[in-house]
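# Structural characterization, general
Here is how the chains run, residue by residue.
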Amino acid sequence: EAMPGGVGELAGLPAAMPHGPLVEVGPDLWVVQGTVKLPPFKFSRHMTVVRLESKELVLINAVRLDEEHCEELARLGRVAHLVRLGSMHGMDDAFYVRQYGCKVWALQGMEHKHGVSTTHVLEEGGDVPIPGAGVFVFRGLQGHQEGALLLPGATLAGGDALVTVDALQNHEEPDKFATLHTRIFLYLMGFSGRCHIGPIWAKEVTGGKPQALKGEYRRLLDAFPAFEALISGHGYCLEGARAAAEATVRKFFK
């Protein structure tokens, strides 16, 4: 059953998996490093938490927290909005929808599980739950949806932060949640280094023709020319991210 204040049954939903603490990375901005299992592999994924002036919380790339950390989340504010930016994520969305009755912001055409439905469509130039935030939507993907969200003035230094899912990742440091054979696999598949394009994702969403994404990455960098930090759905937070993204796009699409 749902915890006190919840709005629905939690039976049958994916259980909370091992995860780290809520780490404050900016004013009213936190990240949590969680895990996902895709047998035989296990690796990390990130949730971003934004607190609004109203004390409402916005969860981006949701990761289910254990009971102790759900209580910590409640002390930060009220979970009111859930943002889903990528079709390959979303396994824990239903937990937050049933537990807190939050609104679901997702890209057009996004398919959900466990009875979740989109309450607000995210689109470029449209409404967002975070004042001043910007939305980017990758166009022309095959059978998938993927976007990015710019958080203005979100870093400790007052710079903008770009939140992504799979399109831009940062594996500058070893994944502490990944098993050894997973780390080896990720390295061999190109999941390594500073601010890189997810190679498996790029092939999957283009029918094996990742070079078709060149124009979309150029459009992303043109849309958000001055972000300072990257918070990805996988890997670690990165400072100096705009220059790193420019370099990786040039290298990938050379």
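For the structure, see preceding data.
Figured I'd write up the structure that's included with this text. For clarity, every value in this text was computed on a predicted model and none was experimentally measured.

## Looking at the state of the cysteines
- Using the criterion set out here, one finds 0 disulfides in the structure.
- Free cysteine cysteine 102: the closest other cysteine sulfur is in cysteine 70, separated by 12 Å.
- Its relative accessible area of 6% is what places cysteine 102 among the buried residues.
- For cysteine 237, which is in no disulfide, the shortest distance to another cysteine sulfur is to cysteine 195 and amounts to 12 Å.

## Quick word on the pattern of salt bridges
- Enumeration according to the criterion identifies 10 salt bridges in this entry.
- Note that aspartate 28 and arginine 51 form a salt bridge whose closest N and O atoms lie 2.9 Å from each other. Note that aspartate 28 is positioned in the loop between strand 1 (23-26) and strand 2 (29-38) and arginine 51 in strand 3 (residues 41-51), a separation of 23 residues in sequence.
- The salt bridge involving glutamate 246 is made with arginine 218; its shortest N-O contact spans 2.8 Å. A residue pair is termed long-range when its members are at least 10 positions apart, and glutamate 246 in helix 6 (residues 241-252) and arginine 218 in helix 5 (residues 214-223) qualify at 28 residues.
- It is possible to trace a salt-bridge network through shared partners that takes in Arg218, Asp222, Arg242, Glu246 and Arg250.

## Regarding the pairing of strand 9 (residues 147-151)
- Of all the 5 residues making up strand 9, 5 are buried; the element is thus mostly covered by neighbouring parts of the structure.
- Residues Gly147, Leu149 and Leu151 of strand 9 are buried on one face, and the alternating residues Ala148 and Leu150, pointing to the opposite face, are buried as well.
- The sheet contact formed by strand 8 (residues 134-137) and strand 9 spans 4 bridges and is antiparallel. Residue valine 137 lies in a different strand from strand 9, and its bridge partner there is glycine 147.
- Pairing geometry for strand 9 and strand 10 (residues 161-163), over 3 bridges, is antiparallel.

## Observations concerning helix 6
- Compared with the 16 Å implied by 1.5 Å per residue over 12 residues, the 16 Å span of helix 6 between its first and last C-alpha is a close match.
- Within helix 6 the residues assigned to the buried category are Ala241, Arg242, Ala244, Ala245, Glu246, Thr248 and Val249.
- Of the surrounding secondary structure, the elements contacted by the buried residues of helix 6 are strand 12 (193-196), helix 5, strand 13 (229-231) and strand 14 (238-239).

## Things to note about the pairing of strand 6 (residues 103-107)
- In terms of burial, strand 6 is a largely internal element, 4 of the 5 residues being buried.
- Pairing of strand 5 (residues 78-84) with strand 6, which is carried by 4 bridges, proceeds in the parallel orientation. By the bridge assignment for strand 6, leucine 82 is matched with valine 104.
- Running through helix 2 (residues 93-100), the crossover from strand 5 to the neighbouring parallel element strand 6 is right-handed.
- Alignment of strand 6 against strand 7 (residues 120-122), held across 3 bridges, turns out to be parallel. Paired with alanine 106 across the strands is valine 121, a residue of strand 7.

Parameters and conventions
Residues numbered from 1 in each chain as written. Predicted model: local features only at pLDDT ≥ 70, side-chain atom pairs only at ≥ 80, totals over all residues. Heavy atoms only, no water. Disulfide = S-S within 2.5 Å. Buried < 20%, exposed > 50% of the residue type's maximum accessible area, 1.4 Å probe, protein only. Salt bridge = Lys/Arg side-chain N within 4 Å of Asp/Glu carboxyl O. Helix = DSSP H or I, 4+ residues; strand = E, 2+ residues; numbered from the N terminus. Pairing = 2+ DSSP bridges. Expected span 1.5 Å × (residues − 1). Contact = heavy atoms within 4.5 Å. Right-handed = clockwise from strand over helix to strand, strands pointing away.

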